[in-house]
Amino acid sequence: MVQIKTPEQIAKMRAAGLVVAAIHAATREAAVPGASTKDLDEVARKVLAEHGAKSNFLGYGGFPATICTSVNDVVVHGIPSDDVVLKDGDIISIDCGAIVDGWHGDAAYTAFVGSGHAPELVELSRVTEESMWAGIAAMKQGNRLVDISRAVETYIRRQPKPGGGRYGIIEDYGGHGIGTEMHMDPHLLNYVDRRRGKGPKLVPGFCLAIEPMVSLGTPRTEVLEDDWTVITTDGTWSSHWEHSVALTEEGPLVLTAPDGGKAKLAEYGVTTAADPLA
């Protein structure tokens, strides 16, 4: 069952989404050479406390931290640690969430640590982020779930990969519904699998976390012995971007973007819904 939200419930999700945006801003500033991933987790904890919000990651399935910190070839679910210290040239994907009044927000971004990053890494992050926005732009009334998957995959496949070959669209992880729980139906693939059919029709009140994960090589992953950390099987580096999005009668509202997604979606000719908390 897909949970359909009322406008009042979407407003509560927007409040949670803005807390997530604040965590992103604070951790992005703190992701510098010499900082440990545990330091970043502490930054996120402080932001949650300042906003009176709860973490939806801490304790989820036994996860031991407030955020996921995935460095270089780690795709997702990296556990913050004092032993993982960021250095110049690293990339890190930070995934985090918040609960406000029982409603969830969830979003991720990839950041560059220091300087001197290879052009193919800069392009990898750009392609991943833009594929997310292409998927968000496809979240409109009358479309189906597969239209979002198709938009994400099509954008990635149309981008030339520096050095040749193809980007790896991670197969084992994807987006999801979100609302009174962090992970809800439906599961959202970042590619089209015809065996899955078209999926549900998108209607007002539909809320999704749209989150492509892309590597410089393989689409395949493996989980380390800690039962959480996911890496690419060929050791290539990866990028992860995510936003929580609500579909309203007026159009999409990007719940975890400070401006509601207005600026980026304008590039796609999409008008966002009015911010209920503005």
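Reading the values: rules and limits
Residues numbered from 1 in each chain as written. Predicted model: local features only at pLDDT ≥ 70, side-chain atom pairs only at ≥ 80, totals over all residues. Heavy atoms only, no water. UniProt positions renumbered as here; feature names shortened; annotations may be inferred. Core = buried A, V, L, I, M, F, W, Y, C linked by side-chain atoms within 4.5 Å. Buried < 20%, exposed > 50% of the residue type's maximum accessible area, 1.4 Å probe, protein only. Contact = heavy atoms within 4.5 Å. Axes fitted to C-alpha atoms, helices over the stretch in contact; angles between N-to-C directions. Helix = DSSP H or I, 4+ residues; strand = E, 2+ residues; numbered from the N terminus. Parallel < 35°, antiparallel > 145°, perpendicular 65-115°, else oblique. Left-handed = near helix turned anticlockwise from the far one by under 90°. Pairing = 2+ DSSP bridges.

- Labelled according to an unreviewed UniProt entry, the protein appears under the name Methionine aminopeptidase, originating from Streptomyces sp. 900105245.
- The UniProt entry for the protein carries the following comment under Function (unreviewed entry): "Removes the N-terminal methionine from nascent proteins. The N-terminal methionine is often cleaved when the second residue in the primary sequence is small and uncharged (Met-Ala-, Cys, Gly, Pro, Ser, Thr, or Val). Requires deformylation of the N(alpha)-formylated initiator methionine before it can be hydrolyzed."
- We quote the UniProt Subunit (unreviewed entry) comment for the protein here in full: "Monomer."

1. Here's the deal with the nonpolar core
Generally speaking, soluble globular proteins have nonpolar side chains that are buried together.
Step number 1: Residues Ile-92, Ile-136, Met-139, Ile-148 and Ile-210 are the most contacted members of the largest nonpolar core, which totals 41 residues.
Step number 2: Residues within four places of Met-139 in sequence aside, it is in contact with Ile-148, Leu-202, Phe-206, Cys-207, Leu-208, Ile-210, Val-245, Ala-246, Leu-247 and Pro-252.
Step number 3: Within the second largest apolar cluster, 12 residues are counted, among which are Ala-134, Tyr-155, Val-214 and Leu-216.

2. Some words on the packing of helix 3 (residues 119-137) against helix 4 (residues 145-157)
Step number 1: Two elements in contact, helix 3 and helix 4, have axes whose closest approach is 8 Å; the angle formed by their N-to-C orientations is 150 degrees. With respect to helix 4, the axis of helix 3 lies roughly antiparallel. Seen from above, helix 3 lies across helix 4 with right-handed handedness. Together, Arg-126, Val-127, Glu-130, Ser-131, Ala-134 and Gly-135 of helix 3 and Ile-148, Ala-151, Val-152, Tyr-155 and Ile-156 of helix 4 make up the contact between the two elements.

3. Digging into the sheet that holds strand 9 (residues 213-215)
Step number 1: Sheet architecture is open: 3 strands sit in the order 5-9-12, paired in antiparallel fashion. Of all strands in the sheet, those with a lone pairing partner are strand 5 (168-169) and strand 12 (238-240), marking the two edges.
Step number 2: Bridge count for strand 5 against strand 9 is 2 bridges, and the pairing is antiparallel. Paired with Gly-168 across the strands is Ser-215, a residue of strand 9.

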